[in-house]
Amino acid sequence: MGLFDGLMGNASEVNLQEVQRDFANVLASTETIEKAYRLIRDMFIFTNKRLILVDKQGVTGKKVEYHSIPYKSITHFSIETAGNFDLDAELKIWISGTQMPIEKQFNKSLNIYELQSVLAEYVLK
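Residues numbered from 1 in each chain as written. Predicted model: local features only at pLDDT ≥ 70, side-chain atom pairs only at ≥ 80, totals over all residues. Heavy atoms only, no water.

Caption draft 1: Structural context of the overall build of the protein. The number of helices and strands found in the protein is three helices and eight strands. Each helix (α) and strand (β) of the protein, taken in turn from the N terminus, gives the series α-β-α-β-β-β-β-β-β-β-α. Within the protein, buried positions represent 37% of all 125 residues. Considering only intrachain contacts with a sequence separation of at least 6, the fraction spanning at least 24 residues in the protein is 36%. As presented, the protein carries roughly 7,500 Å² of accessible surface, and 52% of it is formed by carbon and sulfur atoms. (Helix = DSSP H or I, 4+ residues; strand = E, 2+ residues; numbered from the N terminus. Buried < 20%, exposed > 50% of the residue type's maximum accessible area, 1.4 Å probe, protein only. Contact = heavy atoms within 4.5 Å. Areas by Shrake-Rupley, 256 points an atom, 1.4 Å probe, with all protein chains shown as cover.)

In structure tokens form, the structure reads like this:
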């Protein structure tokens, strides 16, 4: 991910082997990572069982909050593709019991349809 993308609030896909190794202590024994994206220091990880939002806090980022969302809690989601003059694509996820969606932006080079397919595969089970 380029610095410009990070400053614009866009996320980019990251290496799955590194994420699987780095987050092994957060994953269940039968859980595998399907997709992972980084937004400067924060991450969101799509596993075969849930969505994990990783929020690094403070100046050093040593304090980390892990927010786990089982796919069955996702009531609906939407994607917005990047346009000719638009620099980013957008994902919105609504969780049961909340009114406001979780919103994430991705750089234009990311295949937002692929991300939508991962979500659809698990949410629609």
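The rest of the description comes next.
Caption draft 2: Main features of the packing of aromatic side chains. Evaluation of the coordinates by the stated rule reveals five aromatic pairs. Arranged with centres 5.1 Å apart and planes meeting at 15°, the rings of Tyr71 and Tyr122 form a pair that is stacked. With a gap of 51 residues between them, Tyr71 in the loop between strand 5 (63-70) and strand 6 (74-80) and Tyr122 in helix 3 (residues 112-123) connect regions that are remote in the sequence. In this structure Tyr71 comes out as buried when scored by relative accessible area, which is 4%. Aromatic rings pair up to connect Tyr37, Phe44 and Phe46 into one cluster. (Phe/Tyr/Trp six-rings, centres within 6.5 Å; stacked < 30°, edge-to-face > 60°.)

Caption draft 3: Broad picture of helix 3. Look at helix 3: 16 Å from first C-alpha to last across twelve residues, which is about the 16 Å you get at 1.5 Å a residue. What helix 3 keeps buried is the set Ile112, Leu115, Val118, Leu119, Ala120, Tyr122 and Val123. Elements that come into contact with the buried residues of helix 3 comprise strand 2 (33-39), strand 3 (42-47), strand 6, strand 7 (88-95) and strand 8 (102-107). (Expected span 1.5 Å × (residues − 1).)

Caption draft 4: Structural view of the environment of Ile33. Here Ile33 is to be found in strand 2. Take Ile33: its relative accessible area is 8%, and that puts it in the buried class. Setting aside anything within four residues of it in sequence, one finds Ile33 in contact with Leu16, Val19, Gln20, Leu27, Ile45, Phe46 and Thr47.

Caption draft 5: A look at the nonpolar core. Membership of the largest hydrophobic core comes to 20 residues, with the highest contact counts inside it found for Phe46, Leu51, Tyr71, Ile74, Phe106 and Leu119. The set of elements that each furnish at least two residues to this core consists of strand 3, strand 4 (50-57), strand 7 and helix 3. Considering every element that reaches this core, the biggest residue donor is helix 3, with six residues. In this view, Leu51 contacts Phe44, Ile45, Phe46, His67, Ser68, Ile69, Tyr71 and Ile93; residues no more than four positions away in its chain are not counted. Val14, Leu27, Met43 and Ile45 belong to the second-largest nonpolar core, a separate cluster that totals ten residues. (Core = buried A, V, L, I, M, F, W, Y, C linked by side-chain atoms within 4.5 Å.)

Caption draft 6: Layout of the side chain of Arg50. Mapped onto the elements of the fold, Arg50 is located in strand 4. A polar atom in the side chain of Arg50 sits 2.7 Å from the backbone oxygen of Val26. Within the structure, Arg50 has its side chain in polar contact with the side chain of Glu31 (distance 2.6 Å). Other than its neighbours up to four places away in sequence, Arg50 contacts Val26, Leu27, Ala28, Glu31, Ile45, Ser68, Ile69, Pro70 and Tyr71. (Polar contact = N/O pair within 3.5 Å; in protein donor to acceptor, adjacent residues only side chain to side chain.)

Caption draft 7: The arrangement of the pairing of strand 5 in detail. Bridging between strand 4 and strand 5 involves eight bridges; their strand directions are antiparallel. Looking at the pairing, Leu51 lines up with Ile69 of strand 5. The antiparallel pairing of strand 4 with strand 5 creates a hairpin that spans five residues between the two strands, and Gly58 there sits at a positive phi of about 80°. (Pairing = 2+ DSSP bridges.)

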